[in-house]
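# Residue-level structural notes
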Amino acid sequence: MIITDTHAHLYSEEFDQDRNEMIQRAISAGVSRFFIPAIDSQYTQSMYDLEKEFPENIFLMMGLHPTHVKENYLEELAHVEGELSKRKFYAVGEIGIDLYWDKTLLKEQQIAFKRQIQLAKHYKLPIVIHCREAFDEVFEVLESEKSDDLFGIFHCFTGTYDQALEAISYNMKLGIGGVLTYKNGKIDQFLNQIDLSHIVLETDAPYLAPVPYRGKRNESSYLIPIINKLAELYNVSATEIAHITTLNSKAIFGI
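Residues numbered from 1 in each chain as written. Predicted model: local features only at pLDDT ≥ 70, side-chain atom pairs only at ≥ 80, totals over all residues. Heavy atoms only, no water.

Evaluated as defined, the whole model comprises eleven salt bridges. The shortest N-O distance in the salt bridge between Arg-217 and Asp-18 comes to 2.8 Å. Within this pair, whereas Arg-217 is found in the loop between strand 8 (199-201) and helix 7 (223-234), its partner Asp-18 is found in the loop between strand 1 (3-5) and helix 1 (19-28), the two being separated by 199 residues in sequence. Judged by its relative accessible area of 22%, Arg-217 falls in the partly exposed class. Since its relative accessible area comes to 18%, Asp-18 is described here as buried. Salt bridges here are not isolated pairs; linked through shared partners, they connect Asp-18, Arg-25, Arg-217 and Glu-219. (Salt bridge = Lys/Arg side-chain N within 4 Å of Asp/Glu carboxyl O. Helix = DSSP H or I, 4+ residues; strand = E, 2+ residues; numbered from the N terminus. Buried < 20%, exposed > 50% of the residue type's maximum accessible area, 1.4 Å probe, protein only.)

Counting 76 residues, the largest nonpolar core has Leu-10, Leu-142, Phe-154 and Leu-174 as the members making the most contacts within it. When near neighbours in sequence (up to four residues on either side) are disregarded, Phe-154 contacts Ile-129, Cys-131, Phe-135, Val-138, Phe-139, Leu-142, Ala-167, Met-172, Lys-173, Leu-174 and Gly-175. Phe-35, Phe-59, Tyr-90 and Phe-253 belong to the second-largest nonpolar core, a separate cluster that totals ten residues. (Core = buried A, V, L, I, M, F, W, Y, C linked by side-chain atoms within 4.5 Å. Contact = heavy atoms within 4.5 Å.)

By volume, the largest pocket is sized at about 770 Å³. The wall of the largest pocket is formed by 27 residues, among which His-130, Arg-132, Cys-156, Asp-204 and Leu-208 lie closest to the centre. Secondary structure elements with two or more residues in the lining of the largest pocket: strand 4 (92-98) and strand 5 (127-132). Top contributing element to the lining of the largest pocket by residue count: strand 5, with three residues. Its residues assigned to classes, the lining of the largest pocket shows ten nonpolar, ten polar and seven charged. (1 Å grid on protein atoms, 1.4 Å probe; cavity = no way out; pocket = protein on both sides within 12 Å on 5 of 7 lines; lining within 4 Å. Points joined across faces, edges and corners; volume = space filled by probe spheres on them. Nonpolar A, V, L, I, M, F, W, Y, C, P; charged D, E, K, R; others polar.)

Take the sheet that holds strand 1 next. Ordered in space as 1-2-3, the three strands form an open sheet in which the pairing is parallel. In the strand order of this sheet, the two ends are held by strand 1 and strand 3 (58-60), each with one partner. Averaged over all pairs of adjacent strands, the angle between strand axes in this sheet comes to 20°, irrespective of strand direction. As defined by bridge partners, strand 1 adjoins strand 2 (residues 31-36) across three bridges and the pair is classed as parallel. Directly across from Thr-4, in strand 2, lies its bridge partner Arg-33. Across the face of the sheet, helix 7 comes into contact with strand 1 and strand 2 while running at roughly 115° to strand 1. (Pairing = 2+ DSSP bridges. Axes fitted to C-alpha atoms, helices over the stretch in contact; angles between N-to-C directions.)

Turning next to unusual backbone geometry. Of note, the bond from Gly-93 into Glu-94 is cis; its omega dihedral lies within 30 degrees of zero at 0°. Of the consecutive residues Val-211 and Pro-212, the connecting peptide bond is found in the cis state with omega at 15°. Turning to its location among the elements, Pro-212 is positioned in the loop between strand 8 and helix 7. Non-glycine residue Glu-133 carries a positive phi angle of around 50°. Along the polypeptide, Glu-133 turns up in the loop between strand 5 and helix 5 (135-144). Its identity as a non-glycine residue notwithstanding, Asp-204 has a phi of 65°, on the positive side.

Here the focus is the pairing of strand 4. Burial within strand 4 is extensive, with seven of its seven residues counted as buried. Bridge count for strand 4 against strand 5 is six bridges, and the pairing is parallel. Within strand 5, the residue paired with Gly-96 across the bridge is His-130. One crossover worth recording links strand 4 to the parallel strand 5 by way of helix 4 (residues 106-122), and it is right-handed. (Right-handed = clockwise from strand over helix to strand, strands pointing away.)

An ideal rise of 1.5 Å per residue puts 20 Å on 14 residues; helix 3 (residues 73-86) measures up with 20 Å between its terminal C-alpha atoms. Restricting attention to buried positions, one finds in helix 3 the residues Tyr-73, Glu-76, Leu-77, Val-80, Glu-83 and Leu-84. Looking straight down helix 3, one finds its buried side chains confined to an arc of 125°; they lie on one side. Exposed side chains of helix 3 directed beyond 90 degrees from the buried face belong to Leu-74, Glu-75, Ser-85 and Lys-86. On its buried side, helix 3 packs onto helix 2 (44-53), strand 4 and helix 4. (Expected span 1.5 Å × (residues − 1). Arc of directions from axis to C-beta.)

As structure tokens, then:
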């Protein structure tokens, strides 16, 4: 059983004490493919180091996270553009709009999001979207960039059924993680109405650990409770969930 974690910040300082052991735990649990989103330029070297350590398992993205869109965002976008021109990445991400922490830089977030979508199209790469309290704003940008070469993953999807359908209409898979297991997560109430062909697995490690680990540091081996919850919702085996979601990840990332 090959399981794919489509979104994990495994270079995070939270793993500095036991990173290799944590990755080995995941591999032992069947999670052998890890897609690693970027945040900003200060983490780039850590991502490259991680890839060098686990070249068969680690697949990197490049992008500027919306919460790291600051006054120097044009410099950060130049860094993203420069790295994309140098080597192979598997997605532009994570990118998007986040209005939970700060609404003052919405315009800059919109510019950064749009520019990075255009870079993804140029390199024929998927995008991986971060959206927090910003569905309308994200959909507005997606609508302005809608085309056959716009595709990717709506990371950590926490919206409504109608928002799920709208995301899918822009050629996005839904990234499903720990929130699925939360009593107040709500997506478990409608998710089985969405065909499994539209779903990929993710942890967002070290964040958003699923039940029974909620409140603790998340890690990629914790995809197992998420798979079990999906198997229950869709009334199929855990093996089937792992198989379909890994196929879906291959369709997006091309590997």
